[in-house]
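# Commentary on secondary and tertiary structure
Listed below, chain by chain, are the residues.
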Amino acid sequence: MSNSQRSEELRWLNNFRAEAAKAGLEFEILKSDGDSPDFLIKYDGRCVGVEITEIHIDEIHNNLSQNDSQNGSRSRKIHSDKDKIIKWAETKYSNTCSKSIQATFKFNDSYFSENVKRNIRKNMVECIVDVLGKTNLDDKEILKYKKIDGHSTPPTPPFVKSIWVRKTPVAKRRPWKQDNVSYTKKLQPCDLKIVLTNKNQKIEDYQKTVCVNWLLIYANFDLPYGRFACPENDDSNWPCSKFERTYVFCSEPKQFLIQLDGRGGVRILTSKLESGF
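Reading guide: rules and limits
- Residues numbered from 1 in each chain as written.
- Predicted model: local features only at pLDDT ≥ 70, side-chain atom pairs only at ≥ 80, totals over all residues.
- Heavy atoms only, no water.
- Helix = DSSP H or I, 4+ residues; strand = E, 2+ residues; numbered from the N terminus.
- Buried < 20%, exposed > 50% of the residue type's maximum accessible area, 1.4 Å probe, protein only.
- Contact = heavy atoms within 4.5 Å.
- Areas by Shrake-Rupley, 256 points an atom, 1.4 Å probe, with all protein chains shown as cover.
- Pairing = 2+ DSSP bridges.
- Phe/Tyr/Trp six-rings, centres within 6.5 Å; stacked < 30°, edge-to-face > 60°.
- Lys NZ or Arg CZ within 6 Å of the ring centre and 35° of its normal.
- Core = buried A, V, L, I, M, F, W, Y, C linked by side-chain atoms within 4.5 Å.
- Expected span 1.5 Å × (residues − 1).
- Arc of directions from axis to C-beta.
- Axes fitted to C-alpha atoms, helices over the stretch in contact; angles between N-to-C directions.
- pLDDT = per-residue confidence, 0-100.

### A closer look at the overall build of the chain
Tallying secondary structure elements over the chain gives 5 helices and 13 strands in all. Looking at the chain residue by residue over its 277 residues, the buried ones come to 44%. The long-range fraction of contacts in the chain, counting pairs at least 24 apart against all pairs at least 6 apart in sequence, stands at 70%. Entry remark: accessible area of the chain is about 15,000 Å², with carbon and sulfur atoms responsible for 45%.

Right under this line is the structure:
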């Protein structure tokens, strides 16, 4: 596992721990240099392994045509290009501008093909940094969002529909990101079958490290292919898991935490169905 992947999964585990605490489930994250399972925790006086996996909407092949699946893969590549542009712009802005800001971008998709060449991405970064550097943000309105678009002074470049930006104290600054307003799918039993089939096959390997293991299935709502909504209490026929406990956690803004109950149903531990940014 790469350092970046481990850092991302550790962030997911910390997010899960914070949400689980609201349902009375508290544990300590232990140091772990191994990859099987991903992490070790201390729960109720025992060492427990936690394997973490991410779920994508377009991984449910039974519900997608071949073209739909290909489109999902293409959308991930385009989304990745946009993420790179945002991260490079944030780094360059931080190195050249003294203001601490948080920005959320909505791109014009007509300017993005399956792969945007590196030199084009660099030009896009320069344009974004130039606009944000010239945008006037009132010091008295710290933490208040301002919308920048093609009618603003200066205007956004044509490949950006809008940027919501606000001044922030350094301690409260969060990473720049995309505004991913897109389809939200209610989580259903079929969505977990592929993930559970793959992870169930590896349970014996995890048990060689630690006897008791949990599975955390993470849905990243920041991404268009991770936008799940909470299931209903009466949903049934969920797939079986060989892990002692199996949790599904979806990040904000439609945050929820559920646990497979082992009898074909789910327990909704927490749910926050409020609208996002």
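The rest of the description comes next.
### A closer look at the sheet that holds strand 4 (residues 101-107)
Sheet architecture is open: 4 strands sit in the order 5-6-4-7, paired in mixed fashion. Each having just a single partner strand, strand 5 (146-149) and strand 7 (177-178) make up the two edges of the open sheet. Pairing of strand 4 with strand 6 (residues 160-167) involves 7 bridges; the strand directions are antiparallel. Each residue of the ladder has a partner; that of Lys106, found in strand 6, is Ser162.

### Side note on the packing of aromatic side chains
Within a pair of aromatic rings, the relevant descriptors are the distance that separates the centres and the angle that separates the planes. The full count for this structure, using the stated rule, is 12 aromatic pairs. Look at Trp12 and Tyr218: their rings are 4.6 Å apart centre to centre, the planes differ by 10°, and that puts the pair in the stacked class. Of the two residues, Trp12 is situated in helix 1 (residues 3-22) and Tyr218 in strand 9 (residues 213-219); the sequence distance between them amounts to 206 residues. The pair formed by Trp12 and Tyr218 is uniform in burial state, with each residue classed as buried. Relative to Trp214, the ring of Tyr43 has its centre 5.1 Å away and its plane inclined at 65°; by these criteria the two rings are edge-to-face. Here Tyr43 is found in strand 2 (residues 39-43), whereas its partner Trp214 is found in strand 9, with 171 residues between them in sequence. Classification of Tyr43 by relative accessible area gives buried; the value is 16%. Between the NZ or CZ atom of Arg6 and the centre of the ring of Phe39, over which it lies, the distance is 5.1 Å.

### Description of the nonpolar core
In terms of nonpolar packing, the biggest core is built from 24 residues, with Phe105, Ile128, Leu132, Ile163, Val165 and Trp176 touching the most fellow members. Sorting the residues of this core by element identifies helix 2 (66-96), strand 4, helix 3 (118-134) and strand 6 as the ones contributing at least two each. Of all the elements, helix 3 adds the most residues to this core, at 6 residues. Non-local contacts of Phe105, meaning those with residues more than four positions away in its chain, are made with Ile86, Ile128, Leu132, Ser162, Ile163, Trp176, Lys177, Gln178 and Asp179. Core analysis: the second largest hydrophobic core is formed by 22 residues, Ile55, Leu196, Cys230 and Phe243 among them.

### Topic: helix 3
Taking 1.5 Å per residue, 17 residues should reach 24 Å; helix 3 reaches 25 Å between its end C-alpha atoms and fits that length. Buried residues of helix 3: Arg121, Met124, Val125, Ile128, Val129, Val131 and Leu132, and no others. Axial view of helix 3: buried residues confined to an arc of 165°, hence all on one face. Exposed positions of helix 3 whose direction lies more than 90 degrees from the buried face are Lys122 and Lys134.

### Digging into the sheet that holds strand 9
The strand order 1-2-3-9-11-12-13 describes an open sheet built from 7 strands, whose pairing is mixed. Edge positions in the sheet fall to strand 1 (28-30) and strand 13 (266-271), since each of these pairs with one other strand and no more. The average undirected angle you get between the axes of adjacent strands in this sheet is 30°. Bridge count for strand 1 against strand 2 is 3 bridges, and the pairing is antiparallel. Among the inter-strand pairings, Leu30 is bridged to a residue of strand 2, identified as Leu40.

### A few points about the confidence of the model for the chain
The predicted model of the chain has a mean per-residue pLDDT of 84, with 84% of residues at 70 or higher. Confidence over residues 59-71 falls short of pLDDT 50; this stretch has 14 contacts with residues more than four positions distant or in other chains.

### Side note on unusual backbone geometry
Note that the residue after Thr153, namely Pro154, is joined by a cis bond; omega there is -5°. Tracing the chain through its elements places Pro154 in the loop between strand 5 and strand 6. Notably, Asp44 is not glycine yet its phi reads approximately 55°, a positive angle. Here Asp44 shows up in the loop between strand 2 and strand 3 (46-54). Residue classification places Asp44 among the exposed positions, given a relative accessible area of 64%.

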